[in-house]
Structure formats: C-alpha cells, structure tokens
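# Residue-level structure breakdown
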Amino acid sequence: MNVFVDLLNGFATVLSPANLFFAAVGVTLGTLVGVLPGIGPAVTIALLLPVTFNFEDPIGAFIMFAGIYYGAMYGGSTTSILLNTPGESASVATAIEGHEMAKRGRARSALATAAIGSFVAGTISTILLTFVAQPLGSLAVKFQATDYFALMILALVTVTALVGTSLTRGLLSLLFGVVIGLVGLDTLSGQARFTLDQPLLFDGINDVILIIGLFAIGETLHVLVKGRTRPGQVSPLEPPHGGFLWLNKEEWRRSWAPWLRGAGFGFPFGVLPSGGAELPTFLSYTYEKRRSRGRKEFGKGAIEGVAGPEAANNASFSGVLVPLLTLGLPTSATAAVLLAAFQIFNLQPGPQLFENSSDLVWALIASLYIGNLLLLVLNLPLIRLWVKVLEIPRPVLYSAILVFATLGVYSLSGNINDVLIAYVIGVIGFFMRQLDFPIAPAILGAILGPELEKQLRTALTISNGDPSVFVTRPLSAVILALAVAALLLPYLPRVIARLRGRPATTEKLAFADED
Amino acid sequence: MSEPVTAGPVEDPTAQPTTGSPHVGPLVVGVVLIGFGLLILFQARAIPGEGWSPSGPRFLPLVLAVAWIGLSVVYLAQQVTAFTRRRPMHGHEPGARIGAVAVLVAVLVVYAYLLEPIGYLFATALFFLAGARVLGSHSIRRDALIAVLLTLAVYFAFTRALGIHLPDGGMVL
Amino acid sequence: MTIVVGYTPTPLGEAAAATAIAEAARRQAELVVVNSSHGDAAVDPKFAGPATLATLRAAIEAAGVTHHLTQSLSGLDPAESILRTAREYDADLIVIGVRHRTPVGKLLLGSTAQRVILDAECPVLAVKQAQG
C-alpha cells in the first residue's frame, strides 16, 4: 500500500540526526512546560515560532512542535498526580484520582499507568491518523466554499461554547479575535479596515504577536497579580514495589481496557471540532466512573480514573491533526498556533498539503511515533528531575518568558512598534484573565476570521450574491445546524434538570481554557 | 504581606476570600466594551465602499460591530444584575495589585525602547534584573547571575545557531 | 523562657528540631518553630506540609513541651523570619542547623546561619547534621 511507503519515507526523514535532535528538544521542552502550571504547549510553540523562521527546512520545526505538544501532555500528568495541581488544562481529571493514588502510596503506579497509557493511546491514534488522513484529504477536495464556511463556524462556535463558564464572555472573546484578524488592508478590495488610520496597522497584526501577547505576556501579568502562593506538597515516590514497568499484575489488568477506551474517546473527539483534549478527557473519566460503580473506589484513587483520561488526552492530539492537516481547520488553541506555523512557512494545510508537501506531512506523522517512544523512555526514569522544575522561582521563570516574548516579537520584523503592540495585547490578555474571558476563542477567531471571510465571499460570488446557498446545500446546512446545536449543548444539563423539576445545580458545562 | 500565623491552619494567601461586596470593576469593563463596540462600528462605517454587500469589505466588520455591541450590552446587564443582587464575589478585587502590573508594563516598555540604542546584551540583562524584582524576587545576586548567563546563552543561540539578528548597540561579541 | 528553632523538612532541619525539643524539655521552655517560604515557586522543599507538621507536633508533644508552630509566606529571608520571630517572642535561645556551603552557594544565597548568628540578640545554638 502507498501509505506504508509514505510512512517509511517519513521515518527515514525523522531518523536523520538533525530531526531526531529536534524531536528530543521538543519532547524535553514540552515536558518542562507541561510540568509547570500555567504554561502550556500553545504558548511555548508561539514563543518558538519566530525562532524557527530562519530554519531552512520547516520539517524540523514541526517535529519539534509536535514533540512539545506530546511532551506537555506527559508533563501535565506528572504534576497532576504528584502535586494535585494540573500542569496543563487537559490533566484536570487526572488530578482527582492520580493524586489520591499518590497519597495512598501508589504514586509510581499512577505515573506509570498515565505514561504507558499515553504511549499506547498516542500510538493507536497515530496509526488511525496514518490511515484516515489521506482518504479524508481526498474527500475534502469535494468540499465547497460554503462547506468550509460552515465548518469554520462550527469550529469557532464549539470552542467558544465549551471553554469557560459564560457564553457571553466566550463570544466576546471570539469576536475580539476576529476583529484583530481583520485589522489591516483587505486582500480583495485593498481597503484599510480597523486601522484607526495608522499606517503602522496596514499590514495587520501578526498572529504570532497576538498569541505571544495574549498567552505569554497576559499570563505573566496575571501571575504577578496572584502574588505569592502557598507551595504545594509533592507526594513522595514510594520505593519500587515490583511488577513490570512500575505496574503490578492487578494494575495492568485494570489499566489496559481504560487505555483502549481512552484512545476510543480521544481520537474521534480530537477529529471533531470540540476544542481539543478537554472534552474527551472528561468523557473518559465520567465513563470509567460509571462503569466501575460497584467499586466505590472513584474519588479515592481508582487507577481506571487515571488510565482512561490520560489515554484520551494523548489520543486526541493525533485526532486534532486530522482536520488541521486535511482541511486547514484548527479545533483548539494549540492547533490554531500550529496553523499559524504552517502559514509562516507558506504551507496551506488542506487537501493539497498531502500532495504538495507530502514529505513534511509524513515526517510529522512519523515523528509522532518517535515522540511517543522518546517520552515513554524519558518520562518515568527522569521523574525526579521533572519535579525539580516546579522549584524554579516564578520571578526568574516569568522574567525569562518576557525576554523570550520580547525578542520573539522583535525578531519578526525588527520593529519596536510590533513589540509595543504585543505589550498592549498582553495587557488586554491580562484583563481577560482577570475577568474570566477565555483566551482560546480569541486566538481561533484571529486565525480563522480572515479565512472565514474569504470563504464567505467566494461562496457568495459563485452564487451571485444569493445567501441561501448556505442552507440549500445539504452538507453546509447540516454543519451549520450542528453549530447551533453546539451553542445550546452546554446548557443541556440545566434544561434537563429543569424538565425533571429539580433545581439546576450547574449553570453550564464548562471546560478549562487551554494554556 | 502575610504575618506569621500561630499553629493550626496556616494563612493561605491563595485562598480566595469571599468579599462581602460585589466588584465595581466588571461594570466599568462593560461600559468600556460598549465603547469599543462603537469604535469598531465607526471604523466599519469609515471603510470606503458602496453599501454593505456581503461580498464586499464592509459586511463582516459591520456584523462584528453590531454583534459586539449586542453582546457587550448583555454583558453589562449581567454585571448590573450581579451587582444589584449584591451577590458576594469570589476572589480579590481585580484592581488589588494593579500597581505592580503597571510597573511591570512600564519596565517592559523601557526595555523595548532601550533594545536598539544600548544593544541587546545590556538591555536584556538590565530588564531581567528589574523584571524579576517587580515579579517579587528578593535575591539580587541570584538574579544577576541568571541574568548574565541567560542573556549570553540566548545571544549565542540566536545569533550563532539560529542566525537571528539581535541589536548589538555598537558592541560586538 | 522561650526557644526559637528554624525548621525545614530536611535532615538538617530535623536535627535542629530534635536538639531544640530536647533543650526545651530540659529547660522547661516554650518552643517556637519557625518555617518559612518565599512562596514564589509551585513547590518549595523547605516548606513543611501538613503531614510533616503533624509528625513534628507529635514529637514535641511527646516531650511534653508547650509550643507554637509558625509558618509564613511573607517573602522574607528565612534568616529574617527567624530573627523577627525571636524578637517577637523575646527568645532566650535560637536553635538553627548549620552545614558547609560551597563558595558559590554562599555568594548566591548568602548563609542563613551566618546572618542569624551575627544578628541575633540572644545566644544561638548551632546544630550539625549527624555524620554518616
């Protein structure tokens, strides 16, 4: 089959010393930032984007970025288990059961089931990606502008609806992103839009500036306001208790099925525009909890509650890559940052990517296999080192982040004004965090906004200005209907509760914002 | 900041105190948001062109501005409701340590302006020291050592390994 | 009579605490345990958790010593924290752990022990970690 040849070529590319080096740097950096609460893969990739501009070959950069994402997932679970503070947003479920296990002296088992489960599920979903991506890509060739428009609306709406506690704030954040995305000269008509008559803004606001400002600078200012915090207690690692790879027979028996089910949740929900890893992780946790009703161990350190969500968490990344690579459709903030990276290298993800840049795509896919393996090898043996990272004083860490943020933006254009724009956006990001506005919708809005407008115009040009094309073409209509459903979905628990005559306990289903 | 506390539960600065009165901040923000909506509405009107055709450059900006104003009115209404119900709010008043934020932003701006005249090396080392200080560091000797090491490491990584130009301020290593 | 001890959940800190407990029992003094952190990292190994504090409290109570445990996240130097508490309680004796520091470590972090010994207004008992 063709896929195998392509994949083998991909491995040949990845296994070159330089690319292996990038993979190793990526997973190491990723683990570091994953361990640290408040800093996640999206901001790390954004900080590194300007640095990779000068790479002769984008393949190395993308291998590194994929490693960062995976590494952050592994690192996040370490912090969740040992410290009970999720290292990154998708590890929230792990923090519940994993930390209870650690408190009961089963820290090694929790870490092992998280790491091995991540490896198993990550590999399964990468295999799925390997076989699903290209067929889906060729299917996508038949998509028309109206379909793309509908898909983008769906992606924007789902992320906005799922993240954060208030739909109003989510939508405002989304609109803010789109406004920022439109700043500058309109590509079609050449008219200046939202530029406040400042020639400085005619070129628009670079996505990288926005991401660095909102994430890196905004987060630093937010941390400054939070001030001193009570240091957490790292659960000690108990002495090795035998078993294979830190898990005894019983734990292997209880882990393998949640791993596979976690992969089953992670991959499809990664593919669907559902905001990345948070939703499948949550679903996996809920499912494992339901299944083991008899055990009553949940909430007190059930290994299934670590194995399932961690597997789902990692599996979702390969899933997220499917719409990103085949349709150019990011479904999470991190995916949006990756899309920005593709655009920087003048690569347009979409159906043509597999033909025009098949080297890159297959090397990226192959690097996922390698990255997972590297992480499994790096993660458990070096666990004490990763925990040390948590002792870095915040003033040192965040000053360094500000230096990187400033230099990154400066090296984009060599223009101080861009740096100042990034600071202004950082202040806005700070206020957004203070007032509980989610960040992810703004990033997605800025990156998808201009694309959305392009597809809208193309569709209307083809239809001679008839707006009914969006509802008369069945595929577009269905996708748009899904988008409307997604807006209402988070309120479903409340509605059901009301119908049953019970007072609503939760206001809205909400998932953590990415970091 | 916090005084030593005797025995028992230790004072926890991370605990979110429940303040009796609701915050005024969100109300101000609501008004600012509406103001921003009006700004983008005027900006949308100012885009040259005929009419508001959906395939023209003025359509999406107009939609954005109208949706924005609508949503920010909803936001303000929500905040007013919360305020009048005197629902106790969790967390610190967002303005509590805003002064430190202003200082850090000022330090950042100075850094940006110094970058070219005095060069990357001095500007960054100075910024690191000042930034760490504002962020609450108290070990100036440790910061100084890290500032020098980090600045040099980044300099060589950027200029030698990655080929990125950094302003040298007339001094070349 | 009051004894102040600088405590960290490390072998050295435990040695200081053990000596301080014995000394307080012998002199029938009140024991004030000081444990502080800058509170500027996610984790600080020098900051005692609830479990460690409970163990320490049990050990003090077993010796029949009246005590106060104080923890602060004030951002003060550990030395400053100890000295301040000693002044507050009008301490008659301060117990601290001392160890060798590399010249670099001394340059970077200074020496808590040195500052306490030089600036204290009462006698200071320096405890070394048991050898081997």
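Residues numbered from 1 in each chain as written. Chains lettered and ligands numbered in written order. Predicted model: local features only at pLDDT ≥ 70, side-chain atom pairs only at ≥ 80, totals over all residues. Heavy atoms only, no water.

Another aspect to go through is the overall build of chain A. Each helix and strand counted, chain A has 22 helices and 2 strands in total. The dimensions of chain A, computed from C-alpha atoms along their principal axes, are 70 × 55 × 55 Å. Per-residue burial over chain A gives 64% buried out of 515 residues. Here the analysis covers contacts within chain A between residues at least 6 apart in sequence; of these, 80% occur between residues at least 24 apart. Working note: accessible area of chain A is about 18300 Å², and carbon and sulfur atoms make up 65% of it. For chain A, the distance from the average site of its 33 positive side-chain charges to the average site of its 32 negative ones is 15 Å. (Helix = DSSP H or I, 4+ residues; strand = E, 2+ residues; numbered from the N terminus. Buried < 20%, exposed > 50% of the residue type's maximum accessible area, 1.4 Å probe, protein only. Contact = heavy atoms within 4.5 Å. Areas by Shrake-Rupley, 256 points an atom, 1.4 Å probe, with all protein chains shown as cover. Lys, Arg positive; Asp, Glu negative; His and termini not counted. Charge placed at Lys NZ, Arg CZ, Asp CG, Glu CD.)

The helix and strand tally for chain C stands at 5 helices and 5 strands. Starting at the N terminus and ending at the C terminus, chain C contains elements arranged as β-α-β-α-β-α-β-α-α-β. Computed over its C-alpha atoms, the radius of gyration of chain C comes to 14 Å, within 12% of the 14 Å expected for a compact globule of 132 residues. Taking the principal axes of the C-alpha coordinates as reference, chain C spans close to 40 × 35 × 30 Å. Here chain C holds 132 residues, and 50% of them are scored as buried. The contacts of chain C with a sequence gap of at least 6 include a subset with a gap of at least 24, amounting to 75%. For chain C, the computed accessible surface area is about 6300 Å², with 55% contributed by carbon and sulfur atoms. Each charge sign in chain C was given a centre, from 11 positive and 13 negative side chains, and these centres are 8 Å apart. (Rg over C-alpha atoms; globule rule 2.2 N^0.38 Å.)

Helical geometry: 3.6 residues make up each α-helical turn, so side chains three or four residues apart lie on a common side. Residues and elements named next belong to chain A. Helix length check: helix α17 (residues 394–413), at 20 residues, gives a terminal C-alpha distance of 29 Å against a target of 28 Å (1.5 Å per residue), a fit within 8%. Counting buried positions along α17 gives 18 out of 20 residues, so the element sits mostly inside the fold. Within two residues after α17, glycine 414 carries a phi angle of roughly 70°, on the positive side. (Expected span 1.5 Å × (residues − 1).)

Now for the interface of chain A and chain B. At the interface, 59 residues of chain A touch 67 residues of chain B. If you sort the residues of chain A by the area they bury against chain B, A:Phe194, A:Leu224 and A:Leu407 come out on top, with a joint share of 12%. Put simply, chain A and chain B have 0 salt bridges between them. Elements with a contribution of two residues or more to the side of chain A that touches chain B: α3 (41–52), α8 (167–182), β2 (192–193), α9 (207–226), α17, α18 (416–434) and α19 (440–462) of chain A. Looking at the side of chain A that touches chain B element by element, the count peaks at 12 residues for α17(A). When its residues are assigned to classes, the side of chain A that touches chain B shows 38 nonpolar, 14 polar and 7 charged. (Buried area = accessible area lost by both parts, 1.4 Å probe. Salt bridge = Lys/Arg side-chain N within 4 Å of Asp/Glu carboxyl O. Nonpolar A, V, L, I, M, F, W, Y, C, P; charged D, E, K, R; others polar.)

Membership of the largest hydrophobic core comes to 209 residues, with the highest contact counts inside it found for A:Phe62, A:Phe65, A:Ile212 and A:Ile217. The element that contributes the greatest number of residues to this core is helix α4 (residues 58–83) of chain A, accounting for 16 residues. Split by domain, the residues of this core number at least three in each of domain 1 (18–90) and domain 2 (98–161) of chain B. Counting 21 residues, the second-largest nonpolar core is a separate cluster that includes C:Ala15, C:Ala16, C:Leu31 and C:Leu93. (Core = buried A, V, L, I, M, F, W, Y, C linked by side-chain atoms within 4.5 Å. Domains from an automatic or database assignment.)

Let's shift gears to the side chain of B:Gln43. For B:Gln43, the position within the fold is in helix α1 (residues 25–46). With a relative accessible area of 17%, B:Gln43 lands in the buried category. In contact with B:Gln43, not counting residues within four places along its chain, are A:Phe194, A:Thr195 and A:Leu196.

Moving on, we come to the environment of A:Gly218. All names here are of chain A. Of note, glycine 218 is situated in helix α9. A C-alpha to C-alpha distance of 39 Å links glycine 218 and phenylalanine 11, two positions 207 residues apart in sequence. The residues touching glycine 218, leaving out its near neighbours within four places in the chain, are Gly213, Gly426, Gly429, Phe430 and Arg433.

What follows concerns the environment of A:Ser292. Residue and element names in this part refer to chain A. Position of serine 292 among the secondary structure elements: in the loop between α11 (278–291) and α12 (304–327). Accessibility expressed as a relative area gives 8% for serine 292, which makes it buried. Spatially, the C-alpha atom of serine 292 lies 29 Å from that of glycine 164, the residues being 128 residues apart in sequence.

Regular strands have side chains that alternate between both faces of the sheet. Residues and elements named next belong to chain C. With 5 of 6 residues buried, strand β4 (residues 93–98) lies mostly within the body of the structure. In the sheet, strand β1 (residues 2–6) pairs with β4 via 3 bridges, with the strands oriented parallel. Following the sheet pairing, valine 5 is matched in β4 by valine 95. Relative to strand β5 (residues 124–128), β4 is paired through 5 bridges, and the arrangement is parallel. Within the sheet, the bridge partner assigned to isoleucine 96 lies in β5 and is alanine 126. (Pairing = 2+ DSSP bridges.)

A separate point is the environment of A:Phe11. Residue and element names in this part refer to chain A. Looking at the secondary structure, you find phenylalanine 11 in helix α1 (residues 2–14). Taking C-alpha positions, phenylalanine 11 is 37 Å from tyrosine 398, a pair spaced 387 residues apart along the chain. Those residues within four positions of phenylalanine 11 in sequence are excluded, and the remaining contacts are Ala366, Tyr369 and Ile370.

With that out of the way, let us pick up the packing of aromatic side chains. Residues and elements named next belong to chain A. Taken as a whole and assessed by the stated rule, the structure comprises 22 aromatic pairs over all chains. Residues phenylalanine 62 and phenylalanine 342 carry aromatic rings whose centres are separated by 4.3 Å and whose planes lie at 25° to one another, so their mutual orientation is stacked. Of this pair, phenylalanine 62 sits in helix α4 while phenylalanine 342 sits in helix α13 (residues 333–344), placing them 280 residues apart in sequence. The same class applies to phenylalanine 62 and to phenylalanine 342, which are both buried. (Phe/Tyr/Trp six-rings, centres within 6.5 Å; stacked < 30°, edge-to-face > 60°.)

Evaluated as defined, the whole model comprises 22 salt bridges over all chains. Linking A:Asp186 and A:Arg457 is a salt bridge whose minimum nitrogen-to-oxygen distance equals 3.0 Å. Remark: A:Arg457 occurs in helix α19 and A:Asp186 occurs in the loop between β1 (184–185) and β2; sequence separation between them is 271 residues. A:Arg457 carries the same exposure label as A:Asp186, and that label is buried. Between C:Arg26 and C:Glu23 there is a salt bridge, with its nearest N and O atoms 2.6 Å apart. In this pair, C:Arg26 and C:Glu23 both sit in helix α1 (residues 11–27), 3 residues apart, roughly one turn of the helix. The network of salt bridges with common partners includes C:Asp77, C:Glu80, C:Arg87, C:Arg115 and C:Asp119.

Attention shifts here to the packing of helix α2 (residues 17–35) of chain A against α4(A). All names here are of chain A. At their nearest, the axes of α2 and α4 sit 6 Å apart, and the two run at 35° to each other. Two packed elements cross with a definite hand, and for α2 against α4 that hand is right-handed. Here Asn19, Phe22, Ala23, Val25, Gly26, Val27, Leu29, Gly30, Thr31, Val33, Gly34 and Val35 of α2 come into contact with α4, specifically with Ile59, Gly60, Ile63, Met64, Gly67, Ile68, Gly71, Ala72, Gly75, Gly76 and Thr79. (Axes fitted to C-alpha atoms, helices over the stretch in contact; angles between N-to-C directions. Left-handed = near helix turned anticlockwise from the far one by under 90°.)

Another aspect to go through is the packing of α4(A) against α13(A). All names here are of chain A. Where α4 contacts α13, the axes come no closer than 11 Å and their chain directions differ by 175°. Taken together, the axes of α4 and α13 are roughly antiparallel relative to one another. Each of Phe62, Phe65 and Tyr69 in α4 lies in contact with α13, whose residues at this interface are Thr334, Leu338, Ala341 and Phe342. (Parallel < 35°, antiparallel > 145°, perpendicular 65-115°, else oblique.)

Attention now goes to the confidence of the model for chain A. Reading fine detail from the predicted coordinates is not recommended where pLDDT is low. In the predicted model, chain A carries a mean pLDDT of 88, and the fraction of residues at 70 or more is 96%. The least confident element of chain A is helix α22 (residues 492–499) of chain A, whose mean pLDDT is 76; the most confident is α8(A), at 95. (pLDDT = per-residue confidence, 0-100.)

Moving on: α19(A). Residue and element names in this part refer to chain A. For α19, with 23 residues, the first-to-last C-alpha span of 32 Å sits near the 33 Å given by 1.5 Å per residue. The largest bend in α19 is about 40°, located at leucine 448, with the proline proline 450 one to four residues further on. A large share of α19 lies buried, amounting to 18 of its 23 residues. Downstream of α19 by a residue or two, asparagine 464 has a phi angle that is positive, lying close to 60°. (Bend = angle between axes of the 7 residues up to and from the residue.)

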